Amino acid sequence: MECKEHIKPNQTGMSLTARAINKEKDLDIIQSWYSIRRDWQAPPDNIFPDDGVIIENNGEPIYAGWIYLPRNSNICLIDWIVGNPKMKIRKNRGIELLLITLLRVAKQNNIIYVMSVFDNNLILDNEFKKLGFKKGSNCFNYLKRITWE
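Residues numbered from 1 in each chain as written. Predicted model: local features only at pLDDT ≥ 70, side-chain atom pairs only at ≥ 80, totals over all residues. Heavy atoms only, no water.

Enquirer: Can you break down the nonpolar core residue by residue, with the values?
Expert: Within the largest apolar cluster, 23 residues are counted, with the highest numbers of intra-cluster contacts made by Ile 55, Tyr 63, Ile 67, Ile 81 and Leu 98. Within the residue set of this core, elements represented by two or more residues are β2 (16-20), β3 (52-57), β4 (60-68), β5 (75-83), α2 (92-108) and α3 (122-130). Discounting chain neighbours no more than four positions away, the residues touching Ile 55 are Leu 16, Thr 17, Ala 18, Glu 60, Pro 61, Ile 62, Tyr 63, Gly 94, Leu 97 and Leu 98. Ile 30, Trp 33, Ile 47 and Phe 48 belong to the second largest nonpolar core, which has 12 residues in total. (Core = buried A, V, L, I, M, F, W, Y, C linked by side-chain atoms within 4.5 Å. Buried < 20%, exposed > 50% of the residue type's maximum accessible area, 1.4 Å probe, protein only. Helix = DSSP H or I, 4+ residues; strand = E, 2+ residues; numbered from the N terminus. Contact = heavy atoms within 4.5 Å.)

Enquirer: Describe the side chain of Asn 84, listing the residues and the values that go with them.
Expert: Take Asn 84: it is sitting in the loop between β5 and α2. Separated by 3.1 Å, the side chain of Asn 84 and the backbone oxygen of Pro 61 make a polar contact. (Polar contact = N/O pair within 3.5 Å; in protein donor to acceptor, adjacent residues only side chain to side chain.)

Enquirer: Which residues make up a nonpolar patch on the surface, and what values do they have?
Expert: Residues Ile 75, Ile 112, Tyr 113 and Met 115 make up a contiguous nonpolar surface patch of about 430 Å² in total accessible area. Mapping Ile 75 onto the fold places it in strand β5. (Patch = residues over 30% accessible without salt bridge, like charges linked within 9 Å, V, L, I, M, F, W, Y side chains within 5 Å. Areas by Shrake-Rupley, 256 points an atom, 1.4 Å probe, with all protein chains shown as cover. Salt bridge = Lys/Arg side-chain N within 4 Å of Asp/Glu carboxyl O.)

Enquirer: Which residues make up the packing of aromatic side chains, and what values go with them?
Expert: Across all of its chains, the model carries four aromatic pairs by this definition. The interplanar angle of 20° and the centroid separation of 5.9 Å between the aromatic rings of Tyr 34 and Phe 48 together place this pair among those described as stacked. Here Phe 48 lies in the loop between α1 (23-36) and β3 and Tyr 34 lies in helix α1, a separation of 14 residues in the sequence. With respect to burial, Tyr 34 and Phe 48 carry one shared label: buried. Residues Phe 48 and Trp 80 carry aromatic rings whose centres are separated by 6.1 Å and whose planes lie at 80° to one another, so their mutual orientation is edge-to-face. Note that Phe 48 is positioned in the loop between α1 and β3 and Trp 80 in strand β5, a separation of 32 residues in sequence. The exposure classification of Phe 48 matches that of Trp 80, with both residues buried. (Phe/Tyr/Trp six-rings, centres within 6.5 Å; stacked < 30°, edge-to-face > 60°.)

Enquirer: Could you give an account of α1, with specific residues and numbers?
Expert: The terminal C-alpha atoms of α1 lie 19 Å apart, and with 14 residues this matches the ideal 20 Å at 1.5 Å per residue to within 8%. Within α1, burial applies to Asp 26, Leu 27, Ile 30, Gln 31, Trp 33 and Tyr 34. What you see down the axis of α1 is that its buried residues fit within an arc of 150°, all on one side. When the buried face of α1 is taken as reference, the exposed residues oriented beyond 90 degrees from it are Lys 25 and Asp 28. Where α1 is buried, its residues touch β2, β3, β4 and β5. Where α1 begins, the side chain of Asn 22 points an oxygen toward the backbone nitrogen of Glu 24, at a separation of 3.0 Å. (Expected span 1.5 Å × (residues − 1). Arc of directions from axis to C-beta.)

Everything listed here is a matter of geometry and, on its own, says nothing about what the molecule does.
Quick look at the structure:
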């Protein structure tokens, strides 16, 4: 997966970089972000696809998200967006760069439709709308692990 993006530092000194997630290097860090959230249990490692993006501010990871690419259709799913809970200030530019980079990955893979499901998060909601996403119905999020015998 090709994804190397960079936004030059602004007056706040932020220097944002997007890169592909390296599961061996980054997964423990990302999993710890999920674990710190009080309202969510960290997903198991095998739930994540091979394609994901991590955003760094001056070399420090601040956001991550995943893109599920299809084998035989033109729709993909952007999901599991999470931020570093130790960030002192949440920066919308980091989320914006994350979403733009994930959309570029989708485009590189000839995706026509992109969907995402997330909980009630005003920042994400606003960023998706800024990028032209249309809000669908309020839906229920269910996840079940299927075991085959």
